[in-house]
Amino acid sequence: MERGKLSVVQEQEHTDVLQMYMIERPVYNEAHLRSQLLHRKERTSTFRQKLALWFQCSSQRAKAAILSFLPILTWLPNYPVREYLFHDVVSGLSTGVVQLPQGLAYAMLAGVPPVYGLYSSFYPVLLYTFFGTSRHVSVGTFAVISLMIGSVAVREAPDSMFDMPSTNSSNETATVNAVLDRRVQVAAVLTFLVGIIQMVLGFLRFGFVAIYLTEPLVRGFTTAAAMHVVISQLKYLLGVKTKRFSGILSAVYSIKAVLGDITSTNVAALILGLVCLVFLYVVKQLNERFKKKIPIPIPGELIVVIVSIGISYGLALADVYKVDVVGKIPTGLSPPVAPAFSLLPRLVTDAFAIAIVGFSMGISLAKIFALKHNYSVDSNQELIALGLCNFIGSFFQTFTITCSMSRSLVQESTGGKTQIAGLLASLLVLLVIVAIGFVFEPLPQTALGAIIMVNLLGMFKQFRDIPALWRTSKIELAIWLITFVASLLLGLDYGLLLAIAFALLTVIYRTQRPKNAVLGGVSGTGLYYDVDEYEEAMECEGIKIFQSNSSIYFANCDLYVSTLKEKTGVNPEHLQTARKAKKKQKEKANINLTLKGHVEDKEQGVTHEVLSYNVAEEQRNGQLREGASESDTEEAVFLHSGSGVHSIILDWTHASFIDSVGAKAIKQVIKEYAAVDVQVVIAGCNRSLLSELDELEFFSGAISPEMVFPTLHDAVLYCQHSLPARCHDTRHPTGGQ
């Protein structure tokens, strides 16, 4: 019968208030809990009813679904015009001014003509306003994703695919145009696939997939991508003409090609590029240092674009100094075109990698701003929003987009409140596309290369992670370094796959090397801690408490069992061997005694038949019986003094799941210990783990719920009273029952 009493005593001592509690109840095991204390609620609905409820439609559910799919309907009707509109207008114009040059520049990374960068800065941004849940991120072109797109485009449409005899400039122009058209097709199809993958994952509520890209992995990957970007822009900065490489060791080949052709450097392009680099760096530092005093960041990129266009047009850099420029930009929007579906099979793997990387970039930025401004974002809806932006945009020949950190910081720091700012930024890009696109035709490519390089300076600061991770986590440092080196040398696609595989291997490694401990009780508390770590933790004689901070499944169950035997110092195989050895010694001693008695009787003229040793002979021969009893006593003393343990408690507080292989291993080890008279009980098992044990039919035969206890203290008290034990210390470590 249960008695419960709770008393709270407050003691004032040195301004510290101590609260104490005492509770008196029986020692519970799982059988008692199931029969007396806990009763499961009856499930009133069947699976069929739940399924019918899931597909049931009502006005409220329809409204909730529409609002979830179109988040703009939740905030636009209540938009505070007087409070938000001015801030959104200023933020939108500031973001659009940055988005224009970045769109042109990142199109070079994607391997497509610059106008497609403007398309990618318009359609997706417009769509995200309606479907996105973040108020501050700026979607559009992004260096890392653009580079991944470009590497695939160059792989599928290399320069050699359309090689023609360059007898005149018209043939050379036709070759270049054919290559670019093919790369535009590849980029559009890849974007189409990325959009489908992201939408499917979003509708299946797979927004959690980004967690598999751990932060060290993402930071190592983006740092390597920044290195790839800088290397790819060297030829534009120097004004040399080299082919674009992709795949394994592409960075090495690109550097080799640039250095091999460095003697043909275009001095005018180099000087203009270096001036742009220095100017942009200074402006970025000024914006960072005085961001609290300057209401709107200095638009360094726009200034560089305008001045470069003026210099290029005024000095005729393209004609006189042979400086590469953007070239013709068609005016107006192009009609929608169906992607070249014949390319789909070759791009599926690349599409998965780009879809996950793009989403992880976007959701990480969205969560940062949501936390800062106290609102929430829906990761699944973000997947759907990005997927729609890419899917619909692919018909207008955009390339894959995600959130940009630099533009998002501009949009947030200039006072942006909602995605109205993003809408206005996209309209500014639209104005350029339909009206003044021709103005950007004289823009030197070296200026765009400078814009790209300076925008990546923040990513190179991630090298500071290395000393920090060295101090905090060697495993995460290994993930960072492996990701960086693999992505730099093997390419972004293979590097990412290798990085994810390595990150998952580290999880397996950690499960294979859990922290294991033997616990002891702290006197008068009922608390149990590692005896190797804390002086106050005292083991109870005859009881070993084994704790492992991992679950038990096929990959680590053998390690769990071997560590259990090693840490407790009780190995049933060794005890069985010792028992057999003592039994043989006993049999040998008894046989010697029998033979000795037979010889003595023969000398006295009495002949006895010598029989093999058995129980009947012991009872007839007093001398043999005495020897057998003495040997039994020796065996018992040997076994108990050799191990000193009669009970082992498995602390499963940290175990979250167990599979069939793990359950079989535990059942086997319980039987092995039972064979040498050591009982094994389980403590701290959570209810979901108990349900799994029931499903695995763990409680069968000699193993029953009576062997499972809700707390360590219950298990210790049970073991102490089922078999007498005394503590190493004179104090009682458990504080009584």
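The rules behind each value
- Residues numbered from 1 in each chain as written.
- Predicted model: local features only at pLDDT ≥ 70, side-chain atom pairs only at ≥ 80, totals over all residues.
- Heavy atoms only, no water.
- Helix = DSSP H or I, 4+ residues; strand = E, 2+ residues; numbered from the N terminus.
- Buried < 20%, exposed > 50% of the residue type's maximum accessible area, 1.4 Å probe, protein only.
- Contact = heavy atoms within 4.5 Å.
- Areas by Shrake-Rupley, 256 points an atom, 1.4 Å probe, with all protein chains shown as cover.
- Phe/Tyr/Trp six-rings, centres within 6.5 Å; stacked < 30°, edge-to-face > 60°.
- Lys NZ or Arg CZ within 6 Å of the ring centre and 35° of its normal.
- Salt bridge = Lys/Arg side-chain N within 4 Å of Asp/Glu carboxyl O.
- Pairing = 2+ DSSP bridges.
- Right-handed = clockwise from strand over helix to strand, strands pointing away.
- Axes fitted to C-alpha atoms, helices over the stretch in contact; angles between N-to-C directions.
- Parallel < 35°, antiparallel > 145°, perpendicular 65-115°, else oblique.
- Left-handed = near helix turned anticlockwise from the far one by under 90°.
- Disulfide = S-S within 2.5 Å.
- Polar contact = N/O pair within 3.5 Å; in protein donor to acceptor, adjacent residues only side chain to side chain.

A.B. asks: Describe in detail the overall build of the protein, supporting the description with residues and values.
C.D. replies: Looking only at helices and strands, the protein features 30 helices and eleven strands. For the protein, buried positions account for 46% of its 737 residues. Put simply, 80% of the contacts in the protein that link residues at least 6 apart link residues at least 24 apart. Of the roughly 38400 Å² of accessible surface on the protein, a fraction of 61% belongs to carbon and sulfur atoms.

A.B. asks: How would you explain the packing of aromatic side chains if you had to name every residue and give the values?
C.D. replies: The geometry of an aromatic ring pair is captured by two quantities: the separation of the ring centres and the angle between the planes. Across all of its chains, the model carries 21 aromatic pairs by this definition. With centroids separated by 5.9 Å and ring planes inclined at 45°, the aromatic side chains of Phe245 and Tyr253 adopt a geometry described as tilted. Seen in terms of ring centroids, Phe391 and Phe395 are 5.4 Å apart; in terms of plane orientation they differ by 80°. Their pairing is edge-to-face. According to the relative accessible area criterion, Phe391 is partly exposed, its value standing at 23%. Here the aromatic cluster, defined as three or more aromatic residues joined through ring pairs, consists of Phe192, Phe341, Phe391 and Phe395. In this structure, Arg135 packs its charged tip against the face of Tyr375, placed 4.3 Å from the ring centre. Here Lys474 stacks its cationic end above the ring of Trp470, 4.6 Å away from the centre of that ring.

A.B. asks: Give me the pattern of salt bridges: which residues, what numbers.
C.D. replies: In this structure the tally under the stated criterion is 16 salt bridges. Between Lys515 and Asp530 there is a salt bridge; the shortest N-O distance is 3.9 Å. Of the two residues, Lys515 sits in the loop between helix H23 (492-512) and strand S5 (516-522) while Asp530 sits in strand S6 (residues 527-530), which places them 15 residues apart along the sequence. When salt bridges that share partners are traced, they join Arg155, Glu156, Arg346, Asp350 and Asp493 into one network.

A.B. asks: Can you tell me about the pairing of strand S10 (residues 679-683), naming the residues and giving the values?
C.D. replies: Of all five residues making up S10, four are buried, and the element is well covered by its neighbours. Bridge analysis of strand S9 (residues 647-651) against S10 gives five bridges, and the strand direction is parallel. From the neighbouring strand, Asp651 faces S10, where its bridge partner is Ala683. Assessed by its sense of winding, the connection that carries the chain from S9 through helix H28 (residues 660-675) to S10 is right-handed. Looking at chain direction, S10 and strand S11 (residues 708-709) are connected through two bridges and run parallel.

A.B. asks: Explain the packing of helix H7 (residues 123-131) against helix H16 (residues 379-394) to me, using residue names and the numbers behind them.
C.D. replies: At a minimum axis distance of 9 Å, the contact between H7 and H16 shows a crossing angle of 150°. Our classification of the angle between H7 and H16 gives roughly antiparallel. When you trace H7 past H16, the crossing you get is right-handed. Residues Pro124, Leu127, Tyr128 and Phe131 of H7 form the contact with H16, whose participating residues are Gln381, Glu382, Ala385, Leu388, Cys389 and Ile392.

A.B. asks: So what's going on with the state of the cysteines? Which residues, and what values?
C.D. replies: In this structure the tally under the stated criterion is zero disulfides. The closest cysteine sulfur to the non-disulfide-bonded Cys389 is located on Cys403, 9.1 Å from its own sulfur. For Cys389, a relative accessible area of 0% puts it in the buried group.

A.B. asks: So, helix H30 (residues 712-722): which residues are in play, and what are the values?
C.D. replies: Burial analysis of H30 places eight of its eleven residues in the buried class, which makes it a mostly covered element. For H30, every residue scored as buried is listed here: Leu712, His713, Asp714, Ala715, Val716, Leu717, Cys719 and Gln720.

A.B. asks: Tell me what's going on with the side chain of Asp350, and back it up with residues and numbers.
C.D. replies: Tracing the backbone through its elements, the reader meets Asp350 in helix H15 (residues 344-373). At 2.7 Å, the side chain of Asp350 and the side chain of Arg155 are in polar contact.

A.B. asks: Go over the pairing of S5 with me, naming the residues and quoting the values.
C.D. replies: Most of S5 is tucked away: seven of the seven residues are buried. As judged from the four bridges shared by S5 and strand S8 (residues 543-548), these two strands associate in the antiparallel manner. Directly across from Val518, in S8, lies its bridge partner Phe546. Note: S5 against S6, four bridges, orientation antiparallel. Note that in S6 the partner of Leu519 across the bridge is Asp530. Linking S5 back to S6 in an antiparallel pair, the connection comprises four residues, with Gly524 at a positive phi of about 75°. Judged from the two bridges that link them, S5 and strand S7 (residues 537-538) form a sheet pairing that is antiparallel. Residue Gly521 lies in a different strand from S7, and its bridge partner there is Met538.

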